[in-house]
Amino acid sequence: MNNLHRLIKRSSLGLLVLPLFLLSSIAQANDFPTAAPEKVGVSSDRLQRLSKTMQRYIDSNMLAGTVSLVSRNGKVIHVESQGWKNKETGEQMTDDSIFVIMSMTKPIVSTALMMLYEEGHFLLTDPITDWIPELAGKQVVIEDSGVNYRMSAHRPITFRHVLSHTAGVDPSREVLTEEELALLPRKATLEETLINRAPLPLSFHPGDDWQYGSSTDYVALLVERISGQPLVDFLQEKILDPLQMHDTSYIVPKDKIDRVAAVYSPSGPDQTIELFRAPEFRETTYFGGVAGLSSTVSDYWRFSQMLLNGGEIDGVRLLSPKTVNLMISNHSGDHDVYIRGPGYTFGLGFGLVSDAGTARDPLTPGTFSWGGAWGTIFWVDPVENMIGIMMTQITSYRHLTVRQDVGVTAMQAIIDSYSNKPYAVAPYARLD
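Rules behind the numbers
Residues numbered from 1 in each chain as written. Predicted model: local features only at pLDDT ≥ 70, side-chain atom pairs only at ≥ 80, totals over all residues. Heavy atoms only, no water. Helix = DSSP H or I, 4+ residues; strand = E, 2+ residues; numbered from the N terminus. Rg over C-alpha atoms; globule rule 2.2 N^0.38 Å. Areas by Shrake-Rupley, 256 points an atom, 1.4 Å probe, with all protein chains shown as cover. Buried < 20%, exposed > 50% of the residue type's maximum accessible area, 1.4 Å probe, protein only. Contact = heavy atoms within 4.5 Å. Phe/Tyr/Trp six-rings, centres within 6.5 Å; stacked < 30°, edge-to-face > 60°. Lys NZ or Arg CZ within 6 Å of the ring centre and 35° of its normal.

J.: Help me understand the overall build of the chain, please; the structure alone is not making it clear to me.
T.: The helix and strand tally for the chain stands at eleven helices and 18 strands. The C-alpha atoms of the chain give a radius of gyration of 22 Å, which matches the 22 Å a tight globule of 432 residues would have. For the chain, the exposed area adds up to about 17,700 Å²; of that, 51% sits on carbon and sulfur atoms.

Here you go:
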């Protein structure tokens with residue numbers, strides 16, 4: 001089990017230093033550059049509070065194990081695996097453990113569509129029926145004084161709508177007929193599923209509200225239709241291989257199953273954890289945009305750092321900085337991004353901290369992030385030039401504040417803030 005903090009020692013001047021041979025070995029093991037925290041304006045002593053906080057969850061049997069990572073200025077200053085990858089077998093968590101990242105699939109798939117946007121295939125204001133004509137003629141369910149009726153949508157679903165979750169593609173089951181309910185079950189492939197659901201009504205006129213649901217599956221289908229490739233192949237060729245994200249996939253290979261973390265649920269006494277799903281090889285033909293990928297902290301750091309760099313890492317460019325700025329700008333207007341709570345808006349694939357005075361997460365306004373339903377989280381702070389990632393596996397975490405705690409302990413470790421300095425990427429402000 002690698003632990004960056006255990007390798008840090010004090011020089012004769014009292015400064016924290018990391019021996020060069022250890023820096024090199026850590027970088028090779030985890031495939032990222034490292035630095036001592038003080039070299040990038042972070043206190044290593046204060047950063048240890050992150051480790052202690054994660055350990056409290058493990059010791060109280062609220063989580064089996066975690067892998068946490070913090071980087072600044074493109075250098076990883078903290079990576080630590082704690083607890084158990086599989087408590088039942090006694091396997092300790094390791095830095096290279098593989099996690100089901102659930103909705104952290106969405107930013108990767110949204111990035112894929114924006115790469116096609118840069119090639120000039122569409123405008124954000126174009127209707128998605130240009131590429132998915134099966135969705136033409138959508139009806140909207142209207143609720144008025146307890147009575148439901150349907151009418152034609154005021155406007156078509158656009159690329160912006162599906163990227164920002166303002167399309168309304170997930171109507172309530174209560175307003176559907178028996179025949180429509182029969183269209184909901186998932187088919188063998190993403191395309192079959194979405195086309196089968198094409199007759200379903202919208203829950204609101206596109207652009208009129210924000211709704212979390214299957215929107216990014218339509219993003220995934222658009223990637224397939226525009227590129228002419230299966231999503232899994234496009235991601236591999238255009239994102240995962242170029243970024244050297246070698247452990248990110250929809251199907252974890254058999255020879256990597258021993259690195260997969262077990263999934264737990266808070267179903268024990270006082271919401272302590274019990275085994276929910278043990279690691280095993282699983283095949284699928286369904287490659288969705290909403291969820292499905294598994295990954296590691298190292299891989300997801302490379303994806304995050306690419307975005308923070310303005311679309312490039314290690315000489316490989318996926319996006320223009322202008323496109324990254326567009327993606328991390330507010331595209332949801334004043335609609336309630338309820339899944340993250342007050343103080344958030346939504347961009348093109350990311351939640352955006354817009355108001356530190358009301359947001360639950362203690363992050364700098366302008367930070368973009370998202371998490372997964374099984375407890376994973378990442379955030380990118382362009383102001384402080386910092387990335388935070390935490391991986392764990394628990395089926396429900398609403399009784400915990402572990403994801404917010406990662407932000408608290410990372411932010412409080414900063415001793416040289418960049419808030420008054422220029423930064424690489426930034427959302428576009430709305431001018432009055």
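We are not done yet, so read on.
J.: What is the right way to read the environment of Gly343 from this model?
T.: Take Gly343: it is sitting in the loop between helix H10 (321–327) and strand E14 (344–346). Judged by relative accessible area, Gly343 falls into the buried class, the value being 12%. In the structure, Gly343 is positioned 70 residues away from Ala413 in sequence and 23 Å away in space, judged by C-alpha atoms. Gly343 has contacts with Leu352, Val353, Ser354, Asp355, Thr358 and Ala359, leaving out every residue within four places of it along the chain.

J.: Please clarify how the packing of aromatic side chains should be interpreted in this entry.
T.: Where two aromatic rings form a pair, the distance of their centres and the angle of their planes describe that pair. Scanning the entire structure with this criterion turns up 13 aromatic pairs. Here Phe350 and Phe368 contribute two aromatic rings whose centre-to-centre distance is 5.1 Å and whose plane-to-plane angle is 70 degrees, an arrangement assigned as edge-to-face. A residue pair is termed long-range when its members are at least 10 positions apart, and Phe350 in the loop between E14 and strand E15 (351–353) and Phe368 in strand E16 (residues 368–371) qualify at 18 residues. Joined through ring pairs, the aromatic side chains of Trp210, Tyr212, Tyr338, Phe346 and Trp370 make up one cluster. Cation over ring: Arg186 sits above Tyr286, and NZ or CZ is 3.9 Å from the ring centre.

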